[in-house]
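Fold and geometry: a report
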Amino acid sequence: MQRIDLSGRVALITGASRGIGLAIAQRLAAAGATVVLNARTIDEEIIATFDGPQAQVFVLPGDVGEPEAVGQLIKTIFSRHKRLDILVNNAGIMRPAPIGMISDDDIAQTLDTNLAGVIHLIQSASRLMARSGGSIVNVSSVVGAKGAAGQLVYAASKAGIIGATLAASKELAQKGIRVNAVAPGYIDTDMTAKLGDEVRVQTLKSIGLGRAGTAEDVADAVLFLASDLSRYVTGQILGVDGGMVI
Ligand code: NAP
């Protein structure tokens, strides 16, 4: 079997303190990449959870919704590693609310984190990646393509990620930078736990493969898009949803 080898590559994963982002970081590190973990709050102790004596893991806290923090993140990566090969825009928040009950703060925080943060990171990271090419993987959602009641702002942010992925893939291909997205379905993490058991039971009925996804299910798809196995793939939105959307 062909082994995925990311040794010598530097990867930034946002929202990597738990859930899908942490699983992605662990997969990329296991493939040999140097991984930089970001979240607003992230403890250095997380480094000990990575397998292997060779694992190169760095922690860089920062809020992706703040443009200055994004600039600082990329500057620090440049000064420490001099390169960036893989960017996984995974950080995201979801604040469900019925239409009429959505606060201005919900709108601003969700769009700043989930969408503006992705745009700022693509902009800053692609300058660094332009030296030797790279792979950007954005984390959208089935909700971005299909919508969901109570998720007006979240759905808009995740749909925006699809548009941003397509536009960036067209513009950055000439620099050797591939841009793709994954669109997870229902994945068991802290984010979906907040939706409650009733939503979980209802949602499971719509999943062809008959189970909720795991963070590792998404991480394996991201590993493919981050690696050279997908060297001729760009501008694609890969559903990781167990057949929720066909
Ligand atoms: P999660 O368990 O809530 O983890 C979210 C991560 O993002 C945490 O590490 C969090 O750390 C970080 N984060 C939040 N706001 C941030 C900010 N402003 N700056 C930097 N980091 C921030 O969620 P998850 O389920 O793993 O979701 C990961 C991604 O997958 C999200 O984009 C989500 O929308 C997407 N997704 C999830 C599902 C699902 O079913 N779980 C389905 C489709 C798409 P801090 O709070 O410490 O910052």
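A short tour of the structure in this document, coming up. Owing to the predicted nature of the structure, the values given are computational and were not obtained by experimental measurement. (Residues numbered from 1 in each chain as written. Predicted model: local features only at pLDDT ≥ 70, side-chain atom pairs only at ≥ 80, totals over all residues. Heavy atoms only, no water.)

**Description of the packing of helix 2 (residues 67-81) against helix 3 (residues 104-129)**
- Contact pair helix 2 / helix 3: the axes reach a minimum separation of 9 Å and the direction vectors enclose 20°. The angle between the axes of helix 2 and helix 3 places the two elements in the roughly parallel class. Read as a crossing pair, helix 2 and helix 3 show a hand that is right-handed. Along its contact with helix 2, which presents Pro67, Val70, Leu73, Ile74, Ile77 and Phe78, the element helix 3 presents His120, Leu121, Ser124, Ala125 and Leu128.
- Here the residues of the contact of helix 2 with helix 3 are counted per class, giving nine nonpolar, two polar and no charged. (Axes fitted to C-alpha atoms, helices over the stretch in contact; angles between N-to-C directions. Helix = DSSP H or I, 4+ residues; strand = E, 2+ residues; numbered from the N terminus. Parallel < 35°, antiparallel > 145°, perpendicular 65-115°, else oblique. Left-handed = near helix turned anticlockwise from the far one by under 90°. Contact = heavy atoms within 4.5 Å. Nonpolar A, V, L, I, M, F, W, Y, C, P; charged D, E, K, R; others polar.)

**Re helix 8 (residues 215-226)**
- Between its first and last C-alpha atoms helix 8 spans 16 Å; for twelve residues at 1.5 Å apiece the expected length is 16 Å, and the two agree.
- Every buried residue belonging to helix 8 is among Ala215, Val218, Ala219, Ala221, Val222, Leu223, Leu225 and Ala226, and all of these are buried.
- Against helix 1 (19-30), strand 4 (86-89), strand 5 (134-139), strand 6 (177-184) and strand 7 (237-240) lie the buried residues of helix 8. (Expected span 1.5 Å × (residues − 1). Buried < 20%, exposed > 50% of the residue type's maximum accessible area, 1.4 Å probe, protein only.)

**As for the pairing of strand 2 (residues 34-37)**
- Burial along strand 2 is two-sided: the face carrying Thr34 and Val36 and the face carrying Val35 and Leu37 are both buried.
- Relative to strand 2, strand 1 (residues 10-13) is paired through four bridges, and the arrangement is parallel. Paired with Leu12 across the bridge in strand 2 is Val36.
- In this fold, the crossover linking strand 1 to strand 2 by way of helix 1 has right-handed handedness.
- Bridge count between strand 2 and strand 3 (residues 56-59): four bridges; the pairing is parallel. What sits directly across from Leu37, in strand 3, is Val59. (Pairing = 2+ DSSP bridges. Right-handed = clockwise from strand over helix to strand, strands pointing away.)

**Comments concerning the nonpolar core**
- If you look at the biggest cluster of nonpolar residues, it comprises 36 residues, and the most contacted ones within it are Ile13, Leu28, Val35 and Leu37.
- Of all the secondary structure elements, the ones that give two or more residues to this core are strand 1, helix 1, strand 2, strand 3, strand 4, strand 5 and helix 8.
- The leading source of residues in this core is helix 8, at eight residues.
- In contact with Ile13, other than residues within four places in its own chain, are Gly21, Ile24, Ala25, Leu28, Val35, Val36, Leu37, Asn38 and Val88. (Core = buried A, V, L, I, M, F, W, Y, C linked by side-chain atoms within 4.5 Å.)

All we've got here are geometric facts, nothing functional implied.
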